[in-house]
Each structure stands twice: as structure tokens, then as C-alpha cells.
Amino acid sequence: MAFLLIYYLASAEQLPFKDNTFDVVFSFGVLHHIPNISNSIKEIYRVLKPGGEILIGLYHRHSLYYYMTVLAAFVRGIPLKTKLQGIEVG
């Protein structure tokens, strides 16, 4: 099985792709940070081909995954809040 992994920096509420573009849409740790999740879900369905798959992973701020990520950042000396092209993340 072959696949192509592409990523873009774009708004999840206005994806820059044509309707029925993708066989699979994958999102991990993103959607629960978006103020209007319903618009993002509509966009995911819009760009997904009929019969396509959606793979979404969400986590809670007080989950084991979150704490392991914070610990890994601490061990690597990565600040929890960083600036990325003028956008504050973290």
C-alpha cells in the first residue's frame, strides 16, 4: 500500500482543498483546540471522498498522553509555550 503524506498550514474551518479530494483525513490533537469544531467537521466531510475514512485523535489536558508530552518537552528543554511564525502555541 502506498500513501502520500502532505501537510499545510491552514484554517481547519476553511480547508484549501476541493470537495472529495482525500481518501483519508487524519487529525491528532488538533480539533479540540478549535473554537467552532462543527465547522471543522463539516470541512473534513467536504474534502473527504465518498467512502473515505476519518481518523481523529483527541486527548484531555489531564490525560496520560498530555502529561507524557509535557514531560518529554521538559526533558528535551523545550519550553511549554513557544512562538511559531508569530503565533503563540502551547
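Residues numbered from 1 in each chain as written. Predicted model: local features only at pLDDT ≥ 70, side-chain atom pairs only at ≥ 80, totals over all residues. Heavy atoms only, no water.

Draft legend 1. Examining a nonpolar patch on the surface more closely. Together, Val24, Phe26, Phe28, Leu55 and Tyr65 line one region of the surface with nonpolar side chains, adding up to about 500 Å² of accessible area. Here the element with the most residues in the nonpolar patch is strand 1 (residues 22-28); it accounts for three residues. By the secondary structure assignment, Phe28 is in strand 1. Under the relative-accessibility criterion, Phe28 is labelled partly exposed at 40%. (Patch = residues over 30% accessible without salt bridge, like charges linked within 9 Å, V, L, I, M, F, W, Y side chains within 5 Å. Areas by Shrake-Rupley, 256 points an atom, 1.4 Å probe, with all protein chains shown as cover. Salt bridge = Lys/Arg side-chain N within 4 Å of Asp/Glu carboxyl O. Helix = DSSP H or I, 4+ residues; strand = E, 2+ residues; numbered from the N terminus. Buried < 20%, exposed > 50% of the residue type's maximum accessible area, 1.4 Å probe, protein only.)

Draft legend 2. Main features of the environment of Lys49. Relative to the helices and strands, Lys49 is located in strand 2 (residues 48-57). Here Lys49 falls in the partly exposed class, since its relative accessible area comes to 32%. On a C-alpha basis, the gap between Lys49 and Phe22 in space is 5.5 Å, while along the polypeptide they are 27 residues apart. Once residues lying within four places of it in the same chain are set aside, the contact partners of Lys49 are Asn20, Thr21, Phe22 and Asp23. (Contact = heavy atoms within 4.5 Å.)

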